[in-house]
Amino acid sequence: MWLQGWLLLLPILLGLANTSNAATAGNHSISYEAKTKRILDRATQRISSIYDMKRRIFLQLTLKGKSPLGGQAPSKLEVEMETYRLLYEVAANLSVVPVEQLSDPLMRRRVQRLSKLQLQGLRPTDYEQAKDLLRTMHNFVNGPLVCPGEDCSARKPLAMYPQIMNMNMRTKNYKDLLENWVNWRRAINDKITAKNTFIDYVRLLRIAAAYNGHVTPSRTWYLYYDTENFQAELEAVVWEIMPLYREIHGYLRHEVQRAYPKADMKNDGAISAPIMDQILSQDWYSHQFFQTPHPSKEHQLPSVVRRLEEVLVTPVKINKKATEFFESLGLNHMSDGFYDRYARRMNDDEGGPDCKPQVYYFPPDVALRYCPKLDYKKMMQVHGVMCELQYNLYKRNLPFGLDSEPCPGFGSALAETAVLASGTPRHLHRLHILLNESLTEEQSLNRLFRMGVHTLLAVPQYFINDKFLVDVMDGRIVVKDYNCAYWNLQDKYAGVQAPLWRNAKDFDPDFKFYRGLNPETSNTKKFLAEILGFQFYRSFCLASGQYKPGDPKFPLHNCDFYESKAAGKMIKDMMELGSTKHWRDIMEIATGERKLSGRGVLEYFAPLFTWLKERNKQLDIEPGWDAEDFCPKE
């Protein structure tokens, strides 16, 4: 009888136990959320102080001398170190929070974003060393290290950028290109400096990955892409656009043989690295060595310099025209108050010939410093910068940790769409800079060819530099194979080869490789900005009706989505989300896709692709390459 009674009571007792366990779990969840909220609230207070430091820097730069807020404004280094201390401490506190027990989805997302870091996850001494190594590698590119003719007594040493690069852009002598290529590598790798610096830096990247619990170090390099085997997705895009790349590579190889017979280029060979560097530097240079599809004078692109100066007159007017572009889409209006308080012209001696506008983010405000000189390239750049300003205005209302782009390069991809649209003949006609809203077929092909050199040749280089770094980090490339592995990647993905015999002691990555070692300016970020930028551009153009596949009057390469509220809604919806969702969820709003794709690139350059195939067939050019092995393994 007692057993029967016990069996009757058992479900009730189990129910009480489950209720008790659920209550306990619920109490734990509430406790975790309360503690997490306190951590995040303190972090929000501290980031507000850092934003105030940035505000003071901006005001000092624009008003000279002391900050109008009183006292001397902090330095950029002070801001950087204060930001590092904040992020390091917040990550340490949040790394022990059981994310799955947080019921608030936004809080979960904030913890996920802030609990793991890249270089800023290193301990203070390691972080300082990483920054020192990055400064050293920055000096490889910008420091005066190369003696002209190996004689520093007669002339001052030169920097790779911009001095040697400008020399390479202008020369028509292959010997000069080869000497500059060899001398710069000899200068930075004297006593194996470049290679050892890189080895030390990779060691620190691996330590940062270990702190994140990543057995595979590249998971930390790709941290904010939050994707298993992200490199495979990048590689798939490279192979997707490879047929187009092979055609332009074959045509340019033919042009190299004509211009540089002493380079001893084979009909089916790879292009020598110094020459490929020159091609990339000459994308918009008016005296390039290679011919455009229609080289005769009447088919050259119309000069816009004089009309640009007549119509837009000043940099301020360019800024307002760029602002007007986004206002036409239904995005934020930039008031006169913004230009009075937060838009400042740089001094004439700032920025140099390659001056780029600077955006400042100190919520609730944003600010802009713009270049003092006016030209066509800067007009397009300003459209991209105004896109960044708009992005900041939309995400400033989000909580700390989520007021950022969802992955590196996402904001730049959005900016790329504005750059593409603003440079079209249709938009230039709208600005009264061009007489017609379209170019002749010959001019259009010449323009696409120039843009192809700029974009199509750069994308594989971004990938190669990224893959080389990641393969080294993950141990797939060991130290003794560094150099030959690098050239194998250049051969496989770009059809580029060393200009002379190299060996394992050499270390030959180009200067753009060193620039991309900083996570903030990584080659991964640049790759995504280009590819996703064309994906977004295609989507905005379809939504605006300015791109109609198959209709020659509305090709993708002449699409200006100005005044399209449909495109504007897509942009606004994505910007407002900041990093509250995975970047794939956000990109899907515009593209309807969740993966990177080369489709936008292929459709944009479709007329050029058709012309290249026909022209290469006429010239009996076989696309592709068979590189010589200038770096045999020992």
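Everything discussed here concerns the structure shown above.
The structure reproduced in this document is the subject of the present report.

Rules behind the numbers
Residues numbered from 1 in each chain as written. Predicted model: local features only at pLDDT ≥ 70, side-chain atom pairs only at ≥ 80, totals over all residues. Heavy atoms only, no water. Helix = DSSP H or I, 4+ residues; strand = E, 2+ residues; numbered from the N terminus. Rg over C-alpha atoms; globule rule 2.2 N^0.38 Å. Contact = heavy atoms within 4.5 Å. Areas by Shrake-Rupley, 256 points an atom, 1.4 Å probe, with all protein chains shown as cover. Lys, Arg positive; Asp, Glu negative; His and termini not counted. Charge placed at Lys NZ, Arg CZ, Asp CG, Glu CD. Disulfide = S-S within 2.5 Å. Buried < 20%, exposed > 50% of the residue type's maximum accessible area, 1.4 Å probe, protein only. Pairing = 2+ DSSP bridges. Phe/Tyr/Trp six-rings, centres within 6.5 Å; stacked < 30°, edge-to-face > 60°. Lys NZ or Arg CZ within 6 Å of the ring centre and 35° of its normal. Patch = residues over 30% accessible without salt bridge, like charges linked within 9 Å, V, L, I, M, F, W, Y side chains within 5 Å. Salt bridge = Lys/Arg side-chain N within 4 Å of Asp/Glu carboxyl O. Axes fitted to C-alpha atoms, helices over the stretch in contact; angles between N-to-C directions. Parallel < 35°, antiparallel > 145°, perpendicular 65-115°, else oblique. Left-handed = near helix turned anticlockwise from the far one by under 90°. Nonpolar A, V, L, I, M, F, W, Y, C, P; charged D, E, K, R; others polar.

### A few points about the overall build of the chain
Within the chain one finds 25 helices and 7 strands. Over its C-alpha trace the chain gives a radius of gyration of 27 Å, about what one expects of a compact globule, namely 26 Å for 634 residues. Principal-axis analysis of the C-alpha atoms places the extent of the chain at approximately 105 × 60 × 60 Å. Contacts in the chain between residues at least 24 apart in sequence constitute 75% of all its contacts with a sequence separation of at least 6. Split by element, the accessible area of the chain, about 29300 Å² in all, is 53% carbon and sulfur. Put simply, the chain has 82 plus and 75 minus side-chain charges, and the middle of one group is 4 Å from the middle of the other.

### Observations concerning the state of the cysteines
For the structure on display, the rule yields 2 disulfides. Each disulfide pairs two cysteine sulfurs, and for Cys355 the partner residue is Cys371, the sulfurs being separated by 2.1 Å. On the S-S bond that ties Cys355 to Cys371, the torsion sits near -95°, and the link is left-handed. In this pair, Cys355 sits in the loop between strand S4 (343-345) and strand S5 (358-362) while Cys371 sits in the loop between strand S6 (365-370) and helix H14 (376-395), placing the two residues 16 residues apart along the sequence. Note on Cys387: no disulfide assigned, nearest cysteine sulfur contributed by Cys541 at a separation of 14 Å. The class of Cys387 is buried, set by a relative accessible area of 3%. The thiol of Cys407 is not disulfide-bonded; the next cysteine sulfur, from Cys387, is found 14 Å away.

### Some words on the pairing of S5
Side chains on a regular strand alternate between the two faces of the sheet. Here S5 pairs with S6 via 5 bridges, running antiparallel. Residue pairing for S6: Gln358 is matched across the bridge by Arg369. Between the antiparallel neighbours S5 and S6 lie 2 residues.

### Re the packing of aromatic side chains
Applying the stated criterion across every chain yields a total of 49 aromatic pairs. Seen from their ring centres, Phe325 and Phe326 are 5.2 Å apart, and the 80° between their planes marks the pair as edge-to-face. The pair formed by Phe325 and Phe326 is uniform in burial state, with each residue classed as buried. Taken together, Phe140, Trp181, Trp184, Phe198, Phe468, Tyr482, Tyr486, Trp487, Phe507, Phe513 and Tyr514 form an aromatic cluster joined through their ring pairs. Of note, Lys395 hangs over the ring of Tyr361, and the distance from its end group to the ring centre comes to 4.2 Å.

### Overview of a negative patch on the surface
A cluster of acidic residues, Asp268, Asp620, Glu622 and Asp626, forms a negative patch on the protein surface. Checked against the element boundaries, Asp268 lands in the loop between helix H9 (230-259) and strand S3 (271-272). Residue classification places Asp268 among the partly exposed residues on the basis of a relative accessible area of 40%.

### Focus on the packing of H9 against helix H21 (residues 523-544)
Where H9 meets H21, the closest approach of the two axes is 12 Å, and the angle between their N-to-C directions is 50°. Between H9 and H21, the interaxial angle falls into the category oblique. For the pair H9 and H21, the sense of crossing is left-handed. Between H9 and H21, the contacting residues are Phe230, Leu234, Val237 and Val238 on the first element and Thr524, Phe527, Leu528 and Ile531 on the second. Tallied by class, the residues present in the contact of H9 with H21 amount to 7 nonpolar, 1 polar and no charged.

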